Amino acid sequence: MISLNRSSFLRKASATIIVGLSSNGHTNGRVEKKIGVVMESTFKEMNNGAASVLDMDGKTAVHGGVEDVYGEDHATEDQCVTPWTISVASGYSLLRDPHHNKGLAFTVKERDAHYLRGLLPPTVVSQDLQVKKMMHNLRQYQVPLQRYVAMMDLQERNERLFYKLLVDNVEELLPVVYTPTVGEACQKYGSIFRRPQGLYISLREKGKILEVLKNWPEKRIQVIVVTDGERILGLGDLGCQGMGIPVGKLSLYTALGGLRPSSCLPITIDVGTNNEQLLNDEFYIGLRQRRATGQEYKELLQEFMSAVKQNYGEKVLVQFEDFANHNAFELLARYRTSHLVFNDDIQGTASVVLAGVVAALKLVGGTLAEHTFLFLGAGEAGTGIAELIALEMSKQTKAPLQEIRKKMWLVDSKGLIVSSRKESLQEFKKAWAHEHEPVKTLLDAVKAIKPTVLIGTSGVGQTFTKEVVEAMASFNEKPVIFALSNPTSQSECTAEEAYTWSKGRAIYASGSPFDPVEYEGKVFVPGQSNNAYIFPGFGLGLIMSGAIRVHDDMLLAASEALAAQVTEENFAKGMIFPPFSKIRKISAYIAANVAAKAYELGLASQLPRPDNLVKYAESCMYSPNYRSFR
């Protein structure tokens, strides 16, 4: 059997061969001959003059057909063969390349130039017609997970069509590729797994993470979304199957924020899972062991962060996603001064909620500092939102942050967070422990604190009961109620419940989408406080300015830009967020605001600063429209 060193051949061939195309797109004959000579001599050199694969003369082999040069027909399953190919994106291989495949949209000229005649039916269709056909097919599925799988299949088959479909139908498809459907997809990821869509870095790769990063085919990475799968949405520990979240987030980075798909890298850090159901599931695709903790966990994350910077440079954005509280805060604090890092659960959620609150003030009245906030949930989201709102209040009033925090009250599983509980509280909760007698239930906390804004980040459904909403409505003309937990089943209350129990007076927003609600002849359109409003534009702003660190003022800038996009027409329908149909334009404004703040703070490295940052943001955005091939 012939042994081939593929990497040394490729280096030799790439250093020697220059492929030229004639005006009609075909390879020049003289160049083809030169390629053949070089390839043949290279193979013979590698094999010490022995016959090469290019010496095949068509002689009939023992089993028929061309002679078995590789020895594959004679190999048993236990014997090794070398899986090597040399291919050009033409003909059959072009149709299997998701980055360049256009399906029936290849023109007649392109089919001739790239050896596609006969490989496709004769009809040539437009990309718009392909989008129409795909939407027709997707709407036939009754089960959301089937739509998700169909979308993922399309992404692996025809990347530009996938993003064109998503951009043109964002309001309908956002719940399919992200919350709430992505939650079910993660739960069943082992069963629906087809092809890898990102990198899996497990404990087995400890000491080799840099090598693993180099295995990813794209080298110019600008944003990484990474999870360890311990707290996926409101569904808990899904281990390695949490990969659906980075994949979904990065799809939105491209569709909504315009980052190139090739510059996005989804990563799952697999340190095991404590989910017994997954450990006993024969289809589970991750490490079958309990979660690593302590020093072992820290060392793996440290190696990962160092390898990322070494391989991709100082300006690659690392977005932490769905880490459990005890790791999320520590990782953000540890790396925010040395890396360009962002935690969407802590910072992204806070930014989008602050934008919603600022917009809601147009309907409720008063300044931010005149309102009192009560949070159900004191984890990453709850404390992150509280801190960012407090920062904005402090900025507006010039009052010390410590004083402003007293306007924020948090309820966790043990009741209202108060000073008498301080010794037993986790470190990130201590800043929110104020003087007050102990209160055990949310309803009692609402009655005692009398908040004007109630925000749910508990991850527990149906906790904003009828009594809680009625209590909010009893001392607020327009109670602001944000039920933010995902997916829909975990929402603290539905839109219909909030509007009905408040007699149509609530200003409502949720984390997952709800349909419009009719109450006493008036139609209310619930807002969706979705992080997808913020993180795609935020990431674009960081990248286009060449930012080297994330500053809290950038988050405030993103919130201000989003709130400014809500129109009078939106307010008339009770909406406090703009429609997703305009999300690309919204993302451009957010990116411009974030970039402007990066330049102002001296954190931008992309110089000189563009004159018109909005236009520059739009010019940087990836377009999913098909390209013409020579």
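All values derive from a computational prediction rather than experimental measurement.

A. How the structure looks around the sheet that holds strand β1 (residues 199-202). Spatial ordering of the open sheet is given by β1-β3-β2-β4-β5, a layout of five strands whose pairing is parallel. Of all strands in the sheet, those with a lone pairing partner are β1 and β5 (341-343), marking the two edges. Across this sheet, the average inter-strand angle for adjacent strands is 25°, counted without regard to direction. Taken together, the four bridges between β1 and strand β3 (residues 264-270) define a ladder with parallel strand orientation. Bridge pairing in β3 links Leu199 to Ile267. Together, β4 (317-320) and β5 form the strand contacts of helix α16 (residues 344-364), whose direction differs from that of β5 by roughly 70°.

B. Representation of the nonpolar core. If you look at the biggest cluster of nonpolar residues, it comprises 121 residues, and the most contacted ones within it are Tyr148, Phe373, Ile389, Met408 and Phe538. Each of domain 2 (180-339) and domain 3 (342-629) accounts for three or more of the residues forming this core. Residues Ile224, Ile269, Phe304 and Val316 belong to the second largest nonpolar core, which totals 34 residues.

C. Quick peek at the UniProt feature "binding site: a divalent metal cation" (unreviewed entry) in the protein chain. Sites flagged by UniProt as "binding site: a divalent metal cation" (unreviewed entry) map to Glu321, Asp322 and Asp345. Spanning 25 residues, the named residues form one tight spatial group whose C-alpha atoms are at most 6.8 Å apart. Take Glu321: it is sitting in the loop between β4 and α15 (325-335). For Glu321, the residues in contact, after removing those within four places along its chain, are Tyr178, Val225, Val226, Thr227, Asp228, Ile245, Lys249, Asp344 and Asp345. Of the polar contacts made by the side chain of Glu321, one reaches the side chain of Gln319; its length is 2.9 Å. Topologically, Asp322 is positioned in the loop between β4 and α15. Take Asp322: its relative accessible area is 2%, and that puts it in the buried class. Not counting residues up to four positions away in its chain, the partners in contact with Asp322 are Thr227, Asp228, Gly229, Glu230, Arg231, Ile232, Leu233, Ile245 and Asp345.

D. Expanded view of helix α14 (residues 294-312). In this model, α14 (19 residues) spans 27 Å end to end at C-alpha, consistent with the 27 Å of a helix rising 1.5 Å per residue. All buried positions along α14 are accounted for by Tyr297, Leu300, Leu301, Phe304, Met305, Ala307, Val308 and Tyr312. End-on, the buried residues of α14 take up no more than an arc of 165°, which puts them together on one face. Those residues of α14 that are exposed and angled more than 90 degrees off the buried face are Gln295 and Gln310. Positioned one or two residues after α14, Gly313 has a phi angle of 95°, which is positive.

E. Main features of the pattern of salt bridges. Summed over the entire model, instances satisfying the criterion amount to 29 salt bridges. In this structure, the salt-bridge partner of Arg231 is Asp345, at a minimum N-O distance of 3.3 Å. Taken together, the positions of Arg231 in the loop between β2 (223-227) and α12 (244-257) and Asp345 in helix α16 put the pair 114 residues apart, joining distant regions of the chain. Overall, Asp345 belongs to the buried group, its relative accessible area being 9%. Salt-bridge contacts for Arg231 lead to Glu380; the nearest nitrogen and oxygen are separated by 3.2 Å. Residue Arg231 is found in the loop between β2 and α12, and its partner Glu380 is found in helix α17 (residues 380-397); the two are separated by 149 residues along the sequence. A relative accessible area of 25% places Arg231 in the partly exposed class. The buried category is assigned to Glu380, whose relative accessible area is 2%. Taken together, the shared-partner salt bridges in this structure form one network comprising Arg231, Asp322, Asp345 and Glu380.

F. Layout of the pairing of strand β6 (residues 373-376). Burial along β6 is two-sided: Phe373 and Phe375 facing one way and Leu374 and Leu376 facing the other are all buried. In this structure, β6 lies alongside strand β9 (residues 453-456), joined through four bridges in parallel fashion. Across the sheet, residue Leu376 finds its bridge partner in β9, namely Gly456.

G. Layout of the confidence of the model for the protein chain. For the protein chain, per-residue confidence averages 88 on the pLDDT scale, and residues scoring 70 or more make up 86% of the total. For the stretch residues 1-47, pLDDT sits under 50, and the model shows 58 contacts to residues farther than four places along the chain or on other chains. In this model residues 50-65 is a low-confidence stretch, pLDDT under 50, and it forms 27 contacts with partners more than four residues away in sequence or in other chains.

H. Representation of the sheet that holds strand β10 (residues 480-483) in the model. With mixed pairing, seven strands are arranged side by side in an open sheet as β8-β7-β6-β9-β10-β11-β14. Each of the sheet's edge strands pairs with one partner strand only, and the pair in question is β8 (415-416) and β14 (527-528). Inspection of the sheet shows strand β7 (residues 408-412) paired to β8 by two bridges, in the antiparallel sense. Within β8, the position partnered with Asp412 by the bridge is Gly415. Packing against the sheet, α17 makes contact with β6, β7 and β9, and its axis sits at approximately 175° to β7.

I. Seen up close, the pairing of strand β11 (residues 507-510). Of the two faces of β11, the one holding Ile507 and Ala509 and the one holding Tyr508 and Ser510 are both buried throughout. Tracing the backbone out of β10, into helix α21 (residues 495-501) and back to the parallel element β11 gives a crossover that is right-handed. For β11 and β14, the ladder comprises two bridges, and the chain directions are parallel. Each residue of the ladder has a partner; that of Ala509, found in β14, is Gly527.

J. Layout of the packing of aromatic side chains. Applying the stated criterion to the full structure yields 14 aromatic pairs. Between Phe320 and Phe323 the ring centres are 5.6 Å apart and the planes differ by 85°, which places this aromatic pair in the edge-to-face class. For Phe323, a relative accessible area of 0% gives the class buried. Taken together, the ring pairs connect Tyr499, Tyr508, Phe514 and Phe524 into an aromatic cluster. Stacked on the ring of Trp432, the Lys or Arg Arg405 has its end atom at 5.6 Å from the ring centre.

K. Here's a closer look at the environment of Pro121. Considering the arrangement of structural elements, one finds Pro121 in the loop between α4 (108-113) and α5 (127-138). A residue is classified by how much of its surface remains accessible, and Pro121, at 48% relative accessible area, is partly exposed. Each C-alpha atom of the pair Pro121 and Leu104 lies 7.5 Å from the other, and the pair is 17 residues apart in sequence. If we ignore the near neighbours within four places in the chain, the residues touching Pro121 are Leu104 and Arg111.

What counts as what
Numbering of residues starts from 1 in each chain and follows the order in which that chain's sequence is written. The predicted origin of the model limits local features to residues at a pLDDT of at least 70 and limits the giving and counting of side-chain atom pairs to 80 or more, whereas totals for whole chains, interfaces and linings rest on all residues. Heavy atoms throughout the structure, all of them, feed into the side-chain values; hydrogens and water do not. Only strands joined by at least two bridges in the DSSP assignment are considered to pair. Going along the chain from the N terminus, every DSSP run of H or I of four or more residues is numbered as a helix, and every run of E of two or more is numbered as a strand. Comment: axis = line fitted to C-alpha atoms, over the contacting stretch for helices; angle = value between 0 and 180 degrees taken between N-to-C directions. Contacts are assigned to residue pairs with any non-hydrogen atoms lying within 4.5 Å of each other. Within this scheme, the nonpolar core is defined by two criteria: the residues are buried Ala, Val, Leu, Ile, Met, Phe, Trp, Tyr or Cys, and they are joined through side-chain atoms within 4.5 Å. Only protein chains enter the accessibility calculation, which uses a 1.4 Å probe; a residue whose area is less than 20% of its type maximum is buried, one above 50% is exposed, and one in between is partly exposed. An automatic or database domain assignment provides the domain bounds reported here. UniProt positions are given in the numbering used here, feature names are shortened, and annotations may be inferred rather than shown by experiment. Polar contact is the term for a pair of N or O atoms within 3.5 Å; when the atoms are in protein, one must be able to donate a hydrogen and the other to accept it, and sequence-neighboring residues count only if both atoms are side-chain atoms. Take the number of residues in a helix, subtract one, and multiply by 1.5 Å to get its expected span. Our arc is simply the arc of the directions from the helix axis toward the C-beta atoms. Take a side-chain nitrogen of Lys or Arg and a carboxyl oxygen of Asp or Glu: if they are within 4 Å of each other, that pair is a salt bridge. Every residue carries a pLDDT, the predictor's confidence in it, which falls somewhere between 0 and 100. The definition of a right-handed crossover adopted here requires that, viewed with the strands pointing away, the path from the first strand over the helix to the second runs clockwise. In this analysis, rings of Phe, Tyr and Trp, with Trp reduced to its six-membered ring, are considered paired at centre separations within 6.5 Å, and the interplanar angle assigns stacked below 30 degrees, edge-to-face beyond 60, and tilted for intermediate values. Distance and angle both matter: a charge sits over a ring if NZ of Lys or CZ of Arg is within 6 Å of the ring centre and within 35 degrees of the ring normal.

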